[in-house]
Amino acid sequence: MNIVAVINQKGGVGKTTTTVNLGAAMAALGKRVLLIDLDPQANLGTHVGVDPQDPTPTIYDVLVRGVALDQALRPTAEPRLSVVPSNLDLSAAEMELVSMVGRETLLRDSLEVLETSHPGEFEYVLLDCPPSLGVLTINALSAARQVLVPLQAEFFALQGMAKLTEIISLVQRRLNARLELAGIVACKVDRRTKLTQEVMDEVVRFFPNRLMKTIIRPNVKLAEAPSFGQSVLLYAPDSNGATDYRQLAREFLKMPEEVSEEQSAEASA
Ligand code: ADP
Ligand code: MG
């Protein structure tokens, strides 16, 4: 089970969009994928069509009430793609867990139990983190092997990265020596602007070999898909958004690139 934490303490940078669409693209490539929402905003569940009235346990019940993770699993409309949603209750978890022994590793422990009870059922687990560096994000970093950071090419992007890498090294030292920064993915980015180029150059300078080659372009279909409860691959398979996330999945999985007609047309134009 390859566990990937999708993290950035800033809101609105593309964490949930990346978790859902990268996960859906991996599933479309044949991987068995589980998405877990760790954000009390609960956008991830909505994005993949979870009914908020469904009484199935959520990640809150898993972390705070000790319910087994397999009790909280739900299928999605997409083959090989499952989800454990969150809900607003999770916003209280931070406080409710304060006095709990081992609170930083609750998610890791639950995932270990899942791996034992359902061996090989999930090849990839993507963790959608809240926009903070609190106990929920620490749980994600303790459980994960890899960190993927969605980043917007804006002036302050790098400042946030300094704080984030500090937390990552703290978790590496104290809780999870195997954790690694797997990649930084530029989201909602138009690579033609000067600011974008400057920020991208900075990222490459500070994090050599970590910037993903795939760039996620601004695409309205990515913003529309959540209200239909579908990934962009299902909602608008021919959109730039779907193309970009399919390419990101191939890059992340280290599979050979697939040159689409559209891209080769662009390249020759
Ligand atoms: P986060 O989870 O980091 O808070 P989201 O993934 O929810 O960020 O993205 C914030 C908003 O931006 C959402 O409304 C989402 O639909 C939209 N969005 C994300 N990526 C793109 C993109 N590449 N193009 C257009 N809109 C996007
Ligand atoms: Mg989000």
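All residue numbers here refer to positions counted from 1 along the written sequence of the relevant chain. Starting at A for chains and at 1 for ligands, labels are handed out in the order in which the entities are written. Selection of residues for local features in this predicted model requires a pLDDT of at least 70, selection of side-chain atom pairs for listing and counting requires 80 or more, and totals for whole chains, interfaces and linings are taken over all residues. Heavy atoms throughout the structure, all of them, feed into the side-chain values; hydrogens and water do not.

## Considering the side chain of Asp128
- Under the scheme used here, helices are H or I runs from DSSP no shorter than 4 residues and strands are E runs no shorter than 2 residues, and both carry numbers assigned from the N terminus. Considering the arrangement of structural elements, one finds Asp128 in strand 5 (residues 124-128).
- Between buried and exposed lies partly exposed: a residue is buried under 20% and exposed over 50% of the maximum accessible area for its type, with that area taken using a 1.4 Å probe on protein chains only. Residues counted as positive are Lys and Arg, residues counted as negative are Asp and Glu, and His and the chain ends are not counted. Salt bridges are identified by distance alone: a Lys or Arg side-chain nitrogen within 4 Å of an Asp or Glu carboxyl oxygen. Despite its burial, Asp128 remains without a salt bridge, the nearest opposite charge being carried by Lys15 at 6.3 Å.
- Under this definition, polar contacts are N or O atom pairs within 3.5 Å; protein pairs additionally need one hydrogen-donor-capable and one acceptor-capable atom, and for neighbouring residues in sequence, both atoms have to be side-chain atoms. Side chain to side chain, Asp128 and Thr16 meet in a polar contact 2.8 Å long.
- For this analysis, residues touch if any pair of their heavy atoms sits within 4.5 Å. In contact with Asp128, not counting residues within four places along its chain, are Val6, Lys15, Thr16, Thr19, Ile36, Asp37, Leu38, Asp39 and Leu44.

## Regarding the nonpolar core
- What we call a nonpolar core is a set of buried Ala, Val, Leu, Ile, Met, Phe, Trp, Tyr and Cys residues that are connected through their side-chain atoms within 4.5 Å. Core analysis: the biggest nonpolar cluster contains 54 residues, and Ile36, Ile59, Leu63, Leu107, Leu111 and Leu127 have the highest contact counts within it.
- The dominant element in this core, judged by the number of residues it contributes, is helix 7 (residues 157-174), at seven residues.
- Setting aside residues no more than four positions away along its own chain, Ile59 makes contact with Ile36, Asp37, Leu38, Leu69, Val84, Pro85, Ser86, Leu90 and Leu107.
- In this structure, Val83, Met212, Tyr245 and Phe252 belong to the second largest nonpolar core, which totals 33 residues.

## Things to note about the site of ligand 1
- Residue proximity to a molecule or strand is established when one non-hydrogen atom of the residue lies within 4 Å of it. Taken together, 14 residues form the shell around ligand 1, and within it Gly12, Lys15, Thr16, Thr17 and Asn219 come nearest.
- Gly12 places a main-chain nitrogen or oxygen 2.7 Å from an oxygen atom of ligand 1.
- Interatomic distance of 3.1 Å between a backbone N/O atom of Gly14 and an oxygen atom of ligand 1.
- Residue exposure ignores everything except the shown protein chains as possible cover, and the areas themselves are Shrake-Rupley values with a 1.4 Å probe. Contact with the protein chains removes 78% of the 560 Å² of surface that ligand 1 exposes when unbound.
- Those elements that place two or more of their residues in the shell around ligand 1 are helix 1 (15-28) and helix 9 (220-224).

## A look at helix 1
- Expected helix span is given by 1.5 Å per residue-to-residue step, counting one fewer step than there are residues. With 14 residues, helix 1 ought to run about 20 Å at 1.5 Å a step, and its terminal C-alpha atoms sit 20 Å apart, in line with that.
- Burial in helix 1 covers these residues: Lys15, Thr16, Thr18, Thr19, Val20, Asn21, Leu22, Gly23, Ala24, Ala25, Met26 and Ala27.
- The positive-phi residue at the C-terminal boundary of helix 1 is Gly30, with phi of around 100°.

## What about the pairing of strand 6 (residues 146-151)?
- Judged by how many residues are buried, strand 6 sits mostly within the fold: six of six residues are covered.
- Neither face of strand 6 is left uncovered, since the one carrying Gln146, Leu148 and Pro150 and the one carrying Val147, Val149 and Leu151 both have all their residues buried.
- Bridge count for strand 1 (residues 2-6) against strand 6 is three bridges, and the pairing is parallel. Across the sheet, Val4 pairs through a bridge with Gln146, a residue of strand 6. Strand pairing is assigned whenever DSSP detects at least two bridges linking the two strands.

## A short note on the sheet that holds strand 6
- Spatially, 3-4-2-5-1-6-7 is the arrangement adopted by the seven strands of the open sheet, whose pairing is mixed. Two strands bound the open sheet, and with one partner strand each, they are strand 3 (74-75) and strand 7 (180-186).
- Here strand 2 (residues 33-37) pairs with strand 4 (residues 81-84) via four bridges, running parallel. For Val33, the partnering residue across the bridge sits in strand 4 and is Leu81.
- A fitted line through C-alpha atoms serves as each axis, taken over the contacting stretch for helices, and the angle formed by two N-to-C directions is quoted from 0 to 180°. Contacts from helix 1 reach strand 1, strand 2, strand 4, strand 5, strand 6 and strand 7 within the one sheet, and its direction differs from that of strand 5 by about 165°.

## Concerning the pattern of salt bridges
- For the structure on display, the rule yields 10 salt bridges.
- Taking the shortest distance from any N to any O, the salt bridge between Asp190 and Arg192 comes out at 2.9 Å.
- With a shortest N-O distance of 2.7 Å, Asp244 and Arg217 are connected by a salt bridge. Pair noted here: Asp244 is in helix 11 (residues 240-252) and Arg217 is in the loop between helix 8 (194-206) and helix 9, with a separation of 27 residues, a long-range link.
- Classification of Asp244 as buried rests on a relative accessible area of 3%.
- Residue class for Arg217 comes out partly exposed when judged on its relative accessible area of 21%.

## Points about empty space enclosed by the protein
- Both site types are read off a 1 Å grid over the protein atoms alone. A 1.4 Å probe that fits but cannot get out defines a cavity, while an open set with protein on both sides within 12 Å along at least five of seven lines defines a pocket; lining residues have an atom within 4 Å of a point. Grid points are joined across faces, edges and corners, and a volume is the space filled by probe spheres set on the points. Within the structure shown, the criterion is met by one cavity of 30 Å³ or more.
- Taken together, Asn8, Lys10, Val13, Leu151, Gln152, Glu154, Ala157, Gly160 and Met161 make up the lining of the largest cavity.
- Broken down by element, the lining of the largest cavity gets its largest block of residues, three residues, from helix 7.
- Taken together, the residues of the lining of the largest cavity break down into four nonpolar, three polar and two charged. All amino acids are sorted into three groups, where Ala, Val, Leu, Ile, Met, Phe, Trp, Tyr, Cys and Pro are nonpolar, Asp, Glu, Lys and Arg are charged, and the leftover types, Gly among them, are polar.

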